[in-house]
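Each chain is listed here by its residues.
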Amino acid sequence: MSGALRICAFRSQGWGYATRLHHLRRRYPDARLVVMIPKGETVSEQEAAYADEVLEQPHETYSIRKPGKLWDLARTLREARLDLFVVMYPSPRLRLVAGLSGARRAECWSYQNLIIALPTRLLPAMAVLGWRIVQGQLRFWRCWLTTRLRRVPMPGEVDKMEARGLRMPRR
Amino acid sequence: MRLAFVDLQFSWPPKGGAEIDLFHVIKGIQDLGHEVKLFIRGHQGSWERGKIDTAALPFPAETAPGSESRRPETVAERMRQAVDSWAPDAVIVGFGFFLKPYVAAALSHYPLALRYYAYEGACPRDFRLFKEGAPCPENYLAGPGICRRCTLHYRGREIARARPGPYIQEYLDTKAYAPAYYRRTMEALGKARVIIVSNPIMARHFEGIGPEIIEVPGGVDLSDIPPPAEHPPRERVSILMAGRGDDPAKGLHILIDAVRELAAERDDFEVWVTQPEPPPDAPPQVHAAGWRDPAGLFALYQQMDAAVVPSIWEEPFGLAAVEAMAAGLPVVASRVGGLQRIVVDGETGVLVPPADSRALADALRRLITDRGMRRRMGAAGRGRVEQEYAWERVIVKHYPPILEKLAGAREAAP
């Protein structure tokens, strides 16, 4: 094995993976770039031009609710013996994946489009992810209650109700 | 006339058809002698929206400062401030999702035209009005109850996700699930002077709200498309389906059924799809042409004998059909949305009922068999595009009446 830095660029949903590979290649011109794609997907010509190695993820998606899949991914990543693990966004889920990768350090693109270091300690990553899941559930139930309980009275309906002296549904 | 264009999803280089459409419209109106300026919304954390290479645009454009906020009232206020500082005579609001009513309301002190590119007014779920393999008959503007529940049902998982995508994030930020959003939308639509749509189905959604509804098609830049190529008869007739075949609304599965039916009786044809690989269940007559950029696609048209657009959703416009016609190809298309306006049945191609593989096979059979018909329809198609869908024609034919209405509203204002 050569002594070049082994960098894994983890492809997840979203735009701009090839552009990110381009930036990565410019930032680390001598590194060995491992392009990691979801199971069943292919590498585009543009992406292949930057890749020294293509690695397929063991599954299509990952969630904290499916630890088996995460374990498979962690095993694949650790077998690849990475020096640097790069993800597309600083999302809590990708932070968790970075923590599982076994790489010495991790980086990502911030939402302001800057390359930043990504903390890889597992417990804080899991705590952030757990809090996000709770927030998501609260958001969903708020939408559910608003949609189910607060109707939009249609113009005809309003006229009929007013004619019968009934109160309008709460707006 | 000083005309401000406001777009909430614009980026350049373009990421979608709406930007290309708006680009040509602004440029065309500027060429007519009007003073134009584009105001776009900045996007926080997005690689593909809200970024413009101003040097590459032939008209002035600016990102409204502070408009990248996620708070809809702030976005509307910042857009208003940016537009007010330029003091236009009228405003045309281009592409936008849930923020559009907020921005339209903030700009309603100007004569206002709202441009709708797809079904973003009628379908909050995904602005496509296409559900479970078929066009959806509902309309949020006429009956929001069902559409609100549908959005919650189909997008609930994404709403609950740790970080929703930009579309659902905007849905949540604008509280588009709440009754107040519906009222805001109707008020904003009511204040507009003109609503610009692409096809009669879209026009029907806005009927009865108040503003005048005007159908304006998209267009093509004929200088990008080489003239039709003459080639000698070949062993196999090549038919192209351009577009995203992996999207069920585009009807590739219907085309595959039709090819299967044809393949049972003849082998003098081949079908090409713009995908990296042919679908796994496709018969051997179906080949993959790979993803193509516009130049590559136009080069591919040169090698084809006919084009097919088997969409089963109500295509808002149907650019694939217009481009194929511009390349001198006869087009077999579904009788849906904008396609039924573009393809003249029996003249520039054949229209078939959507999702009917037998009718599609019949139409393809006629074209494969009759070379003369292909040439006649191809030439008629090119002529129709030159007359109706070349950008210069679209601008000159459709936009001056809209600008007159906006100018009239300006003069009538107290």
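Residues numbered from 1 in each chain as written. Chains lettered and ligands numbered in written order. Predicted model: local features only at pLDDT ≥ 70, side-chain atom pairs only at ≥ 80, totals over all residues. Heavy atoms only, no water.

**Thoughts on the domain arrangement of chain A**
All names here are of chain A.
Point 1. The domain architecture assigned to chain A consists of domain 1 (6–120) and domain 2 (125–163).
Point 2. Centre-to-centre separation of domain 1 and domain 2, based on C-alpha positions: 36 Å.
Point 3. In this complex, domain 1 contributes six residues to the contact, which on the side of domain 2 involves seven residues.
Point 4. Across the domain 1/domain 2 interface, buried area totals approximately 670 Å², and carbon plus sulfur atoms make up 77% of it.
Point 5. In terms of surface lost to domain 2, no three residues of domain 1 exceed Ile64, Pro92 and Arg95, which account for 65% of the buried area on that side. (Domains from an automatic or database assignment. Contact = heavy atoms within 4.5 Å. Buried area = accessible area lost by both parts, 1.4 Å probe.)

**So, the sheet that holds strand β10 (residues 237–241) of chain B**
Residues and elements named next belong to chain B.
Point 1. Sheet architecture is open: six strands sit in the order β12-β11-β10-β13-β14-β15, paired in parallel fashion. Across the chains shown, the open sheet's two edge strands, defined by having one partner strand only, are β12 (286–288) and β15 (349–352). Going across the sheet, the axis of each strand differs from the next one's by a mean of 25°, ignoring polarity.
Point 2. Sheet analysis places strand β13 (residues 306–309) next to strand β14 (residues 331–334), joined by three bridges and oriented parallel. Its bridge partner lying in β14, Ala307 is registered against Val331.
Point 3. Where helix α8 (residues 252–263) meets the sheet, its contacts fall on β10, β11 (269–273), β12 and β13, and the angle it forms with β11 comes to roughly 165°. (Pairing = 2+ DSSP bridges. Helix = DSSP H or I, 4+ residues; strand = E, 2+ residues; numbered from the N terminus. Axes fitted to C-alpha atoms, helices over the stretch in contact; angles between N-to-C directions.)

**Some details on helix α9 (residues 294–302) of chain B**
Point 1. Inspection of α9(B) places B:Gly296, B:Leu297, B:Phe298, B:Leu300, B:Tyr301 and B:Gln302 among the buried residues, and these make up the whole buried set.
Point 2. Here the buried face of α9(B) lies against β10 and α10 (319–326) of chain B. (Buried < 20%, exposed > 50% of the residue type's maximum accessible area, 1.4 Å probe, protein only.)

**As for the sheet that holds strand β5 (residues 105–109) of chain A**
Residue and element names in this part refer to chain A.
Point 1. Strand order in the open sheet formed by six strands is β3-β2-β1-β4-β5-β6, and the pairing between neighbours is mixed. Because the sheet does not close on itself, it has two edges, and the strands there are β3 (53–56) and β6 (115–117). Strand-to-strand twist across the sheet, computed as the mean angle between neighbouring axes with direction ignored, equals 25°.
Point 2. Sheet topology places strand β2 (residues 32–37) next to β3; four bridges connect them, and they run parallel. In the sheet register, Val34 faces β3, and the bridge partner there is Glu53.

**As for the packing of α10(B) against helix α13 (residues 371–389) of chain B**
Residues and elements named next belong to chain B.
Point 1. Two elements in contact, α10 and α13, have axes separated by 7 Å at closest approach and are oriented at 115°. Judged by the sense of rotation from one axis to the other, the crossing of α10 with α13 is left-handed. On the side of α10, the interface is formed by Val322, Met325 and Ala326, while α13 contributes Gly378, Gly381, Arg382, Arg384, Val385 and Tyr389.
Point 2. A per-class count over the contact of α10 with α13 returns five nonpolar, two polar and two charged. (Left-handed = near helix turned anticlockwise from the far one by under 90°. Nonpolar A, V, L, I, M, F, W, Y, C, P; charged D, E, K, R; others polar.)

**Comments concerning the packing of aromatic side chains**
Point 1. The tally for this structure, following the rule as stated, stands at 23 aromatic pairs over all chains.
Point 2. Ring centres 5.1 Å apart and planes at 80° place the aromatic pair A:Phe140 and A:Trp141 in the edge-to-face group.
Point 3. Classification of A:Phe140 by relative accessible area gives buried; the value is 16%.
Point 4. Pairing B:Phe95 with B:Phe97 gives two aromatic rings, centres 5.0 Å apart and planes at 70°, and the pair type is edge-to-face.
Point 5. These aromatic residues form a ring-pair network of at least three members: B:Phe95, B:Phe97, B:Phe98, B:Tyr102, B:Tyr117, B:Phe127, B:Tyr167, B:Tyr171, B:Tyr177 and B:Tyr181. (Phe/Tyr/Trp six-rings, centres within 6.5 Å; stacked < 30°, edge-to-face > 60°.)

**A look at the interface of chain A and chain B**
Point 1. In this assembly, 27 residues from chain A lie in contact with 26 residues from chain B.
Point 2. Roughly 2600 Å² of surface becomes buried between chain A and chain B when both sides are summed, with 62% attributable to carbon and sulfur atoms.
Point 3. Between the two partners, chain A and chain B, sit zero salt bridges.
Point 4. Our count for the contact surface shared by chain A and chain B stands at three residue pairs in polar contact (both at pLDDT 80 or more).
Point 5. For the side of chain A that touches chain B, the secondary structure elements donating two or more residues are α1 (17–27) and α5 (122–149) of chain A.
Point 6. In terms of residue count, the dominant contributor to the side of chain A that touches chain B is α5(A) (eleven residues).
Point 7. Class assignment for the residues of the side of chain A that touches chain B results in eight nonpolar, eleven polar and eight charged. (Salt bridge = Lys/Arg side-chain N within 4 Å of Asp/Glu carboxyl O. Polar contact = N/O pair within 3.5 Å; in protein donor to acceptor, adjacent residues only side chain to side chain.)

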